[in-house]
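# Working through the structure, step by step
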Amino acid sequence: MLILVINCGSSSAKYQLFDIESKRHIAKGIVERIGEKRSGCENHYESIRIIKDRLLNDGAFVESVSEIKGIGHRVVHGGEEFGEAVIIDKKVIESIEMSSELAPLHNPPSLEGIRACKRYFPGIPQIAVFDTAFHQSIPPHAYIYGIPFIFYKKYKIRRYGFHGTSHRFVANEAARILKKPIRKLKLVTVHLGNGCSMAAVLSGKSVDTTMGFTPLEGLLMGTRSGDLDPAIVTFLMEKEGFGIRRINEILNKESGFLGVSGISNDMRDVLSEMKKGNRRAAVAFEIFVYRIKKYIGAYAAVMGGLDAVVLTGGIGENVTRIKKELSRAFRPVLRGQAKFLIIPTNEELLIAEDTYRLVRNKRLSAEGGSD
Ligand code: ADP
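To keep things clear, this report deals only with the structure shown in the data block. A quick note: this is a predicted structure, and the numbers were derived from the prediction, not measured. (Residues numbered from 1 in each chain as written. Predicted model: local features only at pLDDT ≥ 70, side-chain atom pairs only at ≥ 80, totals over all residues. Heavy atoms only, no water.)

### Some details on unusual backbone geometry
Quick reminder of the rule: Runs of E in the DSSP output that reach at least two residues are strands. Runs of H or I that reach at least four are helices, and both are numbered from the N terminus.
Phi is positive for Lys-23, which is not a glycine, with a value near 60°. Looking at where Lys-23 falls in the secondary structure, it is placed in the loop between strand 2 (13-19) and strand 3 (24-31).

### Structural notes on the sheet that holds strand 2
The condition that has to hold: At least two DSSP bridges between two strands are required for those strands to pair. Working rule for contacts: check all heavy atoms of both residues, and any pair within 4.5 Å makes them a contact. Angles run from 0 to 180 degrees between N-to-C directions of axes, and those axes are lines fitted to C-alpha atoms, restricted for helices to the stretch in contact.
Read from one edge of the open sheet, six strands run 3-2-1-4-6-5, paired in mixed fashion. Among the strands making up the open sheet, the edge pair consists of strand 3 and strand 5 (86-87). Both strand 2 and strand 3 contribute to a ladder of seven bridges, which runs antiparallel. Bridge pairing in strand 3 links Ala-13 to Val-31. Against the sheet, helix 3 (residues 107-120) touches strand 1 (2-8), strand 4 (68-75) and strand 6 (126-130), its axis set at about 165° to strand 4. Running over the sheet, helix 14 (residues 347-366) touches strand 1, strand 2, strand 4, strand 5 and strand 6 and is turned about 130° from strand 4.

### Quick word on the site of the ligand
What counts is decided by this rule: Each residue is tested against the molecule or strand, and it is near if at least one of its non-hydrogen atoms lies within 4 Å. Pairs of N or O atoms within 3.5 Å make up the polar contacts considered here, provided that, within protein, one atom can donate a hydrogen while the other can accept it, and that residues adjacent in sequence are counted only when both atoms are side-chain atoms. Every accessible area reported is derived by Shrake-Rupley at a probe size of 1.4 Å, with residue values counting cover from the shown protein chains alone. Three classes are used: nonpolar for Ala, Val, Leu, Ile, Met, Phe, Trp, Tyr, Cys and Pro, charged for Asp, Glu, Lys and Arg, and polar for all others, with Gly counted as polar.
Close to the ligand lie Gly-193, Asn-194, Asp-266, Met-267, Arg-268, Gly-313, Gly-314, Ile-315, Asn-318 and Val-319. Between the ligand and Asp-266 there is a distance of 2.3 Å, counted from an oxygen atom to a side-chain nitrogen or oxygen. A distance of 3.1 Å separates an oxygen atom of the ligand from a polar backbone atom of Met-267. Isolated, the ligand exposes 570 Å² of accessible area, and the fraction of that covered by the protein chains is 67%. Of the residues assigned to the shell around the ligand, the class counts are three nonpolar, five polar and two charged.

### Here we look at the side chain of Thr-189
Secondary-structure assignment places Thr-189 in strand 7 (residues 186-192). Not counting residues within four places of it along the chain, the set of residues in contact with Thr-189 comprises His-167, Val-170, Ala-171, Ser-197, Met-198, Ala-199, Val-201 and Val-310.

### What about a positive patch on the surface?
Put simply, the test is: Patches here: salt-bridge-free residues with over 30% relative accessible area, like charges joined within 9 Å, nonpolar side chains (Val, Leu, Ile, Met, Phe, Trp, Tyr) joined within 5 Å. Each reported salt bridge corresponds to a side-chain nitrogen of Lys or Arg within 4 Å of a carboxyl oxygen of Asp or Glu. Counted as positive: Lys and Arg. Counted as negative: Asp and Glu, with His and the chain ends omitted from the count. Charged side chains are reduced to one point each, which is NZ for Lys, CZ for Arg, CG for Asp and CD for Glu. Working definition: with a 1.4 Å probe on protein chains only, accessible area under 20% of the residue-type maximum means buried, over 50% means exposed, and in between means partly exposed.
A contiguous patch of positive charge, built from Lys-293, Lys-324, Arg-328 and Arg-331, is present on the exposed surface. Ranked by residues supplied to the positive patch, first place goes to helix 13 (residues 320-334) with three residues. Relative to the helices and strands, Lys-293 is located in helix 11 (residues 279-303). Exposure remark for Lys-293: the relative accessible area of 30% places this residue in the partly exposed category.

### Some words on helix 10 (residues 267-275)
Put simply, the test is: As used here, the arc is the angular range of directions from the helix axis to the C-beta atoms.
Met-267, Val-270, Leu-271 and Met-274 are the residues of helix 10 that are buried. The buried residues of helix 10 occupy an angular sector of 95° when the element is viewed end-on, so they sit on one face. Along its buried surface, helix 10 packs onto helix 9 (256-261), helix 11, helix 12 (313-318) and helix 13. Its side-chain oxygen placed 2.9 Å from the backbone nitrogen of Arg-268, Asp-266 serves as the N-cap of helix 10. Looking one or two residues beyond helix 10, the residue adopting positive phi is Gly-277, at roughly 100°.

### Observations regarding the packing of aromatic side chains
For any pair of aromatic rings, the description rests on two quantities: the centre-to-centre distance and the angle between the ring planes. Selection rule: Ring pairs shown here join Phe, Tyr and Trp side chains whose ring centres sit within 6.5 Å, with only the six-membered ring taken for Trp; geometry is labelled stacked below 30 degrees between planes, edge-to-face above 60, and tilted in between. Note on criteria: charge over ring means Lys NZ or Arg CZ within 6 Å of the ring centre, with the direction from the centre no more than 35 degrees off the ring normal.
Tallied over the full model, the rule gives nine aromatic pairs. Considering the side-chain rings of Phe-82 and Phe-130, the 4.4 Å spacing of their centres and the 5° angle between planes classify their relative orientation as stacked. Highlighted residues: Phe-82 in the loop between strand 4 and strand 5 and Phe-130 in strand 6, separated in sequence by 48 residues. Each member of the pair Phe-82 and Phe-130 is classed as buried. Pairwise contacts between aromatic rings join Tyr-143, Phe-149 and Tyr-152 into one cluster. One cation-aromatic arrangement involves Arg-158 over Tyr-160; the distance from NZ or CZ to the ring centre is 5.1 Å.

Structure representation (structure tokens):
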């Protein structure tokens, strides 16, 4: 069965066409620089037409769209409403619209992608898989911030967490590799890409995560600051006369590895400068590893133990030095009881599998439950 996975980011649309039985993609690509003149793609709606064209005409991956049995969309923010993947209908679209305020750069492109798929892939069931969904199992003591409760009520300010699909994928893979049922495992999953986050996964459920109300909190990232004293924000606004837009830019686009090292947001550049003896590059890397260490300790305490730490994402999968440093640091504390694993993430495959499961259930219930 063929399942199409669409990931509409702020300025790109990625796609993969999966043959679900073999768990392999048969086509994969990206429409980039959406909205820029030279890209030839005005908006995300248009990007779906381009994707259809590539699948049917350029690559001849399918002869007709009806060969595709389901379309899975990555949607960044599902608010408090979605704890798992859902079949998209009018109500789901309304809910995603309502969560757009919480993810203004990401949810609107996803909605455009969904609307365009309705037109260009008519009659094919569409499924939404949310980045936030896996973290909906986090208890209130981990998701309520210490500010007046009225702001949670009024604006839904709370910890949501992101990268949920990646954390869920690698947690399941870890259980498979460790040959243990996931309900018996205490895992810390560490997703280190351009954005970086960690999750405490107890019995297969996320019980805490480092990203919060937005993807700014927690670990040091390429250009994002991660954790910081909120008073720094008001201090800088006062001293430098920064407005809201400027302070947002600094924390999201000019901080992290880039801000501390003054070199680059790319870990490869930071590492190569570090080798040449650049002290600020070394400090950026030390902060990065230190925070990961701190959260592993915190999450082991939260879960009452630790079976494995799983590293993934572009940095987690390639910079083996991080795994070595972490396992060395925890050896005396955990006495070798926890394993440190590197597992490549595959969010798209999990989205395809969720889509397949929901499409299959929908078909079965339409057929009256017979297989
Ligand atoms: P995204 O979050 O956009 O999916 P990735 O998971 O691809 O990003 O991770 C991007 C990060 O991974 C960048 O900081 C990049 O420097 C780093 N990275 C990718 N490959 C390597 C490598 N071979 N060695 C060190 N860092 C790498």
